[in-house]
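The lines below spell out each chain.
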Amino acid sequence: MIGSRTNLGEALKHLVLILGALVVILPFYVMISYSLKSPGEIERNEGGFIGAQAPMVDERCVKLSEPDKKAIAAAKPKHAGKSDREIKDILLEKVRADCTMSPVVFNYSKAFSEAPLLLYLLNGVIVTLSIFFIQVLVALPCAYALAKLKFWGRGVVFGLVLFCLLIPVHAIALPLYIMLAKLGLTNTYAALIVPWTISVFGIFLMRQFFLTVPDDLIDAARMDGMTEFSIVWRVMLPTAIPALLAFAIFSVVAHWNDYFWPRVVITGNRDLFTPPLGLREFKGDADGSFYGPMMATATVIVTPLIIAFLLAQRRFIEGITLTGMK
Amino acid sequence: MATPARGRMIPYAFVAPALVLMFVILLAPVIVAVVLSFTDYGLGNTSVSWVGWDNYEKIFKHSRYEKMMIATLLYVGVVVPVSLGLGLGAALLIKSLRWGGDLYKTIYFLPVMAALLAMAIVWEFTLNPTIGIVNKTLASYCDVQWLRAWPWFDQGCRDTFPLWLGEKEYALWTLCFIGIWQAFGFNMVLYLAGLTSIPRELYHAAEMDGAKSAWDRFRLVTWPMLGPTTVFVVTITAIRSFQVFDTVEAIFPDSGGPAKSAYVMMFVIYEKGIKQNLIGFGAAVTVLFLLFVLALTLIQHRMVERRTHYA
């Protein structure tokens, strides 16, 4: 549409876009590459993308299972005629062999063993899904009432929804935190979930969608003797699946990636950490040699959404840019 | 509906949960923040006293909060126009390609999906002055003579390349870069949607009226027709960049950047209000923050209204 249609022009455009793509991909490349390489390769910047994958000895693992006096005594009968010193060396050799692994195994096994990463991932799933389900539970009936039922005060309620769209929840974190602290709810799942249970955006979105549903459908359901309650869940909900799916993606991506709010309300209890908090804590604890495992953790946290996105790009782009429909 | 009386109550039953939560979770905290901003409240304190405008005075008098305002506004002022420009540029280029556009779209959208905290940590490694790939790569080009003609590059080769996040001249700009890296794909997608909705006849009409060059077509058709998208992109990017926190906290957890150069508002709210329990002061920053957001939204509404009158 814009620009010349010559091959040269086309090639130039590709060149610019490829340069941009390289910058965009750079950190992903670094993250995955570091998660595969050994500490030495990371420090010296060698080994290309995947590194040499030369077996490496995990010194910490060796230290932990260093043969003690008891182990040496137990191994004595097998090595008759050798001194304790020699037996220890033999055993140590065996431990070192057991603690030898390729860098990629080292990085990823450390990611899961140094911190309870699986638990963090599970917390992430629990929190994001709970938030989404409660959001729908609250928003759907409200949106239905605003779109399809006539009642005194409807305009006021809708005006309030529009006003609340202006308030970014992160911005009011401090008063919310105080309220939760006064209720003794900090460091609970509730603290992670409750502030997000009301999505005024979800209400607005579903209302707009319900406006397009023909009244005849609802009247027919009423004729069949359905209550308003079952109309919401058995008639309106099924018609709204595409909109709900987009909203689900919007909500899950936002809360899986959210770092600020968990940081505020989860202060001590590591059992409640969400994935980003776990990664951040890893960074705080890490010493120099732990870049690999840390990047492995980052990869594990970032990958699920990236893969989901690559599989269902159109839906994801729709969902994430939902805010564009306002 | 069993009885008319019960039937009349049903809508209220449907909106009640949402209404209650809206009041408790969204509206009450705003009021609480405004009230607390005039006090010296702290969690666990036995007494609270009314301090009037003291907290606000502190914000406007202390030099560190002057730095906060500068850092926040500079961050927003850089990230919004640059990520808008890049998003629009990418959208125009992709739209005009004969093939391969979808691939670029996918790649550029990746940062939007990735947890910003994780990517901030990765960028910190990438830009690390000793082991980072960026400075290593720059240093490996020091033999290239024609690049040495660039004074900045020559300086880097003879001395050291910038520490990026480690020096105050570069830290905030580097954070802006990460913010732009993350945001522009989102803007690109909005612009792609906007471009699709421009009727082709407008371009033909413009051409007949003498708009020959690509620039003329852009100036006379594309840009005006993208007006609503632009207003929206500016508002949403501005509100999001005002809330920048993850990158600052991940990279400068204790300081807010070298010489407080990246001491942004959300970080201050977190540091003062939550870590140091100076809730009254944190509340004052919160109120100021909400005023910024309100102002932005009002400006957006004005722009949208003007557009509709114009059209």
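Parameters at a glance
Positions within a chain are numbered from 1, following the residues in the order the chain's sequence is written. Naming scheme: in the order in which they are written, chains are lettered from A and ligands are numbered from 1. Only residues with pLDDT of 70 or above have their local features reported here, since the model is predicted, and side-chain atom pairs are shown and tallied only from 80 upward, although totals for entire chains, interfaces and linings are computed over all residues. Only runs of H or I of at least four residues qualify as helices and only runs of E of at least two qualify as strands under DSSP, and these elements are numbered from the N terminus. Think of it as a crowd count around each C-beta: if 20 or more other C-beta atoms lie within 10 Å the residue is buried, if 12 or fewer it is exposed, and in between it is partly exposed, with C-beta placed from the backbone throughout. Placing a C-beta atom from the backbone of each residue, one calls two residues in contact when those atoms lie within 7 Å. Ten residue types, Ala, Val, Leu, Ile, Met, Phe, Trp, Tyr, Cys and Pro, are classed as nonpolar, four, Asp, Glu, Lys and Arg, as charged, and the remainder, Gly among them, as polar. Boundaries of every domain are those given by an automatic assignment or by a domain database. The directions from the helix axis to the C-beta atoms are what the arc is built from. A set of buried residues drawn from Ala, Val, Leu, Ile, Met, Phe, Trp, Tyr and Cys, joined through C-beta atoms within 7 Å, is what defines a nonpolar core. pLDDT is a residue-level measure of predictor confidence that goes from 0 to 100.

1. Digging into the overall build of chain A
Moving on, step 1. For chain A, the helix and strand inventory stands at 18 helices and two strands.
Moving on, step 2. Taken along its principal axes, the extent of the C-alpha atoms in chain A is 95 × 65 × 40 Å.
Moving on, step 3. Taken over 326 residues, chain A has a buried fraction of 38%.

2. Focus on the overall build of chain B
Moving on, step 1. A tally of regular secondary structure across chain B gives 15 helices and zero strands.
Moving on, step 2. With the C-alpha coordinates of chain B rotated into their principal frame, the extents come out at 75 × 60 × 35 Å.
Moving on, step 3. Buried residues in chain B amount to 43% of all 311 residues.

3. Details of unusual backbone geometry
Moving on, step 1. One non-glycine residue with positive phi stands out, namely Asn187(A), at about 60 degrees.
Moving on, step 2. Mapped onto the secondary structure, Asn187(A) falls in the loop between helix H9 (173-182) and helix H10 (189-193).
Moving on, step 3. Residue class for Asn187(A) comes out partly exposed when judged on the 17 C-beta atoms lying within 10 Å of it.
Moving on, step 4. In this structure, Trp164(B) takes a positive phi of about 55 degrees despite not being glycine.

4. Thoughts on the interface of chain B and chain A
Moving on, step 1. At the junction of the two partners, chain B supplies 79 residues and chain A supplies 74 residues.
Moving on, step 2. A per-element tally of the side of chain B that touches chain A places helix H1 (residues 4-36) of chain B first, with 17 residues.
Moving on, step 3. Per-class residue counts for the side of chain B that touches chain A are 65 nonpolar, nine polar and five charged.

5. Remarks on the domain arrangement of chain A
Moving on, step 1. Under the domain assignment used here, chain A contains domain 1 (56-101) and domain 2 (117-285).
Moving on, step 2. Relative placement of domain 1 of chain A and domain 2 of chain A: their C-alpha centres are 56 Å apart.

6. Overview of helix H12 (residues 215-223) of chain A
For an α-helix the count is 3.6 residues per turn, leaving residues at separations of three or four pointing the same way.
Moving on, step 1. Counting buried positions over the nine residues of H12(A) gives zero, only a small fraction of the element.
Moving on, step 2. Looking one or two residues beyond H12(A), the residue adopting positive phi is Gly225(A), at roughly 85 degrees.

7. Comments concerning helix H8 (residues 154-164) of chain A
Residue and element names in this part refer to chain A.
Moving on, step 1. Within H8, burial applies to Leu-160, Val-161 and Cys-164. An end-on view of H8 places all buried positions within 100 degrees of arc, on one side of the element. Facing away from the buried side of H8 by more than 90 degrees, the exposed set consists of Gly-155, Gly-159 and Leu-162.

8. Looking at the environment of Leu137(A)
Moving on, step 1. Mapped onto the elements, Leu137(A) comes out in helix H7 (residues 117-148).
Moving on, step 2. For Leu137(A) and Gln53(A), which are 84 residues apart along the polypeptide, the C-alpha to C-alpha distance reads 50 Å.

9. Quick word on the nonpolar core
When a protein is soluble and globular, its nonpolar side chains tend to lie buried together.
Moving on, step 1. The biggest cluster of nonpolar side chains holds 174 residues, and the ones touching the most others in it are Cys142(A), Ala173(A), Met206(A), Ala298(A), Ala118(B) and Val264(B).
Moving on, step 2. For this core, the element with the most residues is helix H9 (residues 171-196) of chain B, which contributes 16 residues.
Moving on, step 3. In contact with Val264(B), other than residues within four places in its own chain, are Met68(B), Ala71(B), Thr72(B), Tyr75(B), Val244(B) and Val248(B).

10. Looking at the environment of Gly185(B)
Residue and element names in this part refer to chain B.
Moving on, step 1. Relative to the helices and strands, Gly-185 resides in helix H9.
Moving on, step 2. Considered as a pair, Gly-185 and Leu-84 are 101 residues apart in the sequence and their alpha carbons are 9.5 Å apart.
Moving on, step 3. Setting aside residues no more than four positions away along its own chain, Gly-185 makes contact with Tyr-108, Phe-109, Pro-111 and Val-112.

11. Focus on the confidence of the model for chain B
Residues and elements named next belong to chain B.
Moving on, step 1. Averaged over chain B, the pLDDT score is 90; the fraction of residues at 70 or greater is 96%.
Moving on, step 2. Predicted confidence in chain B is weakest over helix H15 (residues 279-310), with a mean pLDDT of 85, and strongest over helix H3 (residues 63-96), with 95.
Moving on, step 3. Interface confidence for the predicted complex, given as ipTM, is 0.91, next to a pTM of 0.91.

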